[in-house]
Amino acid sequence: LDGYVNDGVLPLVDLRSYDEFNKIHLHNDAYDAAPLIVNLPLATLISGERSCELPPRHVEFAILVPNNYADKFVSSDKSQCSIHNLFFAAKSSATQQSRKPWLVRQVILESESLWKEDKILKFIKRNTDAAYGKNSDSGITHSRPLPRLWKPDPLVAYGILPLLKDCITNLCNKCTKAIDSSSGACCTHQYTVLDLGSGAGRDICYLAEETKAYYHTAILQQQHQQQQSMTQNKHFPLHFVGIDNHKGSAKRCIPLWKNRGVDHITSSQLLDLNKLNLVNDFFEGRNTIDRTESVKINSTIVCLYAVRFLNRKLFSYIARSASDTEIETNPPSLCLPIGTIVAISHFCKPTQTSEWNFDHPKESNVLERTELSTLFSGAQWTVIKDDICCDGDHGRTLIQFIARKIA
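Residues numbered from 1 in each chain as written. Predicted model: local features only at pLDDT ≥ 70, side-chain atom pairs only at ≥ 80, totals over all residues. Heavy atoms only, no water.

## Overview of the sheet that holds strand β7 (residues 103-109)
Two orientations exist for strands paired in a sheet by backbone hydrogen bonds: parallel and antiparallel. Pairing is parallel across the open sheet formed by four strands, whose spatial order is β5-β3-β6-β7. Edge strands, defined here as strands with exactly one partner in the open sheet, are β5 (37-39) and β7. Sheet twist, expressed as the average angle between the axes of neighbouring strands with direction ignored, equals 25 degrees. Two elements, strand β3 (residues 12-14) and β5, share three bridges in a ladder whose sense is parallel. Bridge assignment links Asp14 to a residue of β5, and that residue is Asn39. (Pairing = 2+ DSSP bridges. Helix = DSSP H or I, 4+ residues; strand = E, 2+ residues; numbered from the N terminus. Axes fitted to C-alpha atoms, helices over the stretch in contact; angles between N-to-C directions.)

## Description of the nonpolar core
By size, the foremost hydrophobic cluster in this structure holds 39 residues, and its most contacted members are Ile160, Leu207, Phe240 and Tyr305. At the level of secondary structure, the elements contributing two or more residues to this core comprise α6 (154-181), β11 (191-196), α7 (202-222), β12 (238-244), α9 (249-259), β14 (300-307) and β15 (341-347). Top contributing element to this core by residue count: α6, with 11 residues. Discounting chain neighbours no more than four positions away, the residues touching Tyr305 are Val156, Ile160, Val193, Leu194, Asp195, Leu196, Asp203, Ile204, Leu207 and Ala343. In this structure, Leu276, Phe282, Tyr317 and Phe401 belong to the second largest nonpolar core, which totals 30 residues. (Core = buried A, V, L, I, M, F, W, Y, C linked by side-chain atoms within 4.5 Å. Buried < 20%, exposed > 50% of the residue type's maximum accessible area, 1.4 Å probe, protein only. Contact = heavy atoms within 4.5 Å.)

## Observations regarding the layout of surface pockets
In this structure, the largest pocket spans a volume of roughly 1600 Å³. What lines the largest pocket is a set of 49 residues, and nearest its centre among them are Pro56, Lys151, Pro152, Arg202 and Arg308. Its residues assigned to classes, the lining of the largest pocket comprises 25 nonpolar, 12 polar and 12 charged. (1 Å grid on protein atoms, 1.4 Å probe; cavity = no way out; pocket = protein on both sides within 12 Å on 5 of 7 lines; lining within 4 Å. Points joined across faces, edges and corners; volume = space filled by probe spheres on them. Nonpolar A, V, L, I, M, F, W, Y, C, P; charged D, E, K, R; others polar.)

## Details of helix α11 (residues 312-319)
The element α11 is extensively covered by neighbouring structure, given that six of its eight residues are classed as buried. Within the span of α11, buried status applies to Leu314, Phe315, Ser316, Tyr317, Ile318 and Ala319. Residues of α11 that are buried sit in contact with β11, α10 (276-283), β14, β15, α12 (371-375) and β16 (381-390).

## Section: the confidence of the model for the protein chain
Averaged over the protein chain, the pLDDT score is 83; the fraction of residues at 70 or greater is 79%. Residue range residues 327-331 is modelled with pLDDT below 50. Its contacts to residues more than four positions away, or to other chains, number three contacts. (pLDDT = per-residue confidence, 0-100.)

## A look at the pairing of β15
Most of β15 sits inside the fold, with seven of its seven residues counted as buried. Pairing of β14 with β15 involves five bridges; the strand directions are parallel. Following the sheet pairing, Leu304 is matched in β15 by Val342. Pairing of β15 with strand β17 (residues 397-405), which is carried by seven bridges, proceeds in the antiparallel orientation. Across the sheet, the residue bridging to His346 is Ile399, located in β17.

The following block contains the structure:
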């Protein structure tokens, strides 16, 4: 736990069950620069339910092997060990195709003596059910974000999240004023954030967790002195929708959101974003969310974003959208309210004259340097971010682009 590899503290994946983790577990409160310790039960990783929460395959980490798997882990026949097959096998047991193993650099074998070890007693917490709020269906839920072994796209963390926090602050301030100046009716209008091409749903999960935590800490605590507002304005204003045309997307997203405690403010939508008539129907609220029960979209869209998802036809369609004030005089094919945020993070050439020297993605699927700023250059939009950064693993350049609708 206090060992270092490559000048950094290794994160730890605790493979024990939720019940075992709640009863006793290692914690990371001993140091300021403490390791991340995340409980990902082995069964949920094998089933794929929580496999998207593992670190990227180029990140080194440690694992805690449950006591009932310890003998198999150290046996001579590694083929019978599900932990070896999951983390160390260079070939997929399902497809028999070669793959890159995870970089597990250290292993802790659980035993009865482990929890009595003098050297790690300061890292042990016991009987923490109350602190962790055990949920019988989805493990552990928090009012604050859980530790993560993965990172969202930089645009999501440093571009979109601050804007959504500002949005929440403004909405709650308006609601508080409305309560103070009227009969006390609570503002319960819903505002929607759309992830276009949401994939495994991790960016949505990040935004939902962080905005919910911000709402509970920054907003509700500020309203504590105004008892009427505190008791009446507890409605979290944002709802996050992941849109994808892959039929397996919801199967990956919904367990992640449930395990992270944000399934009540997230939804998955199966939609072909190449069919603009269906996109328009969705924006107009004329179809339903594809989850366990159907829920109609009936709210104000405040943000649309796309991370490593390129659909030029759709982006152009969004850029040409009209605002609410233009409906009567100029009926639009797509209507977005003034203030809507459009954010895009995708592979982009660093300059207008640059070549693209990578095999993936193909050059035809790479944005030109000024392509987005030109697309959103009309009087309806103002560009608030148009930067180039590196993807961090292959040296490919990405654009971090944000525009806001002003007319």
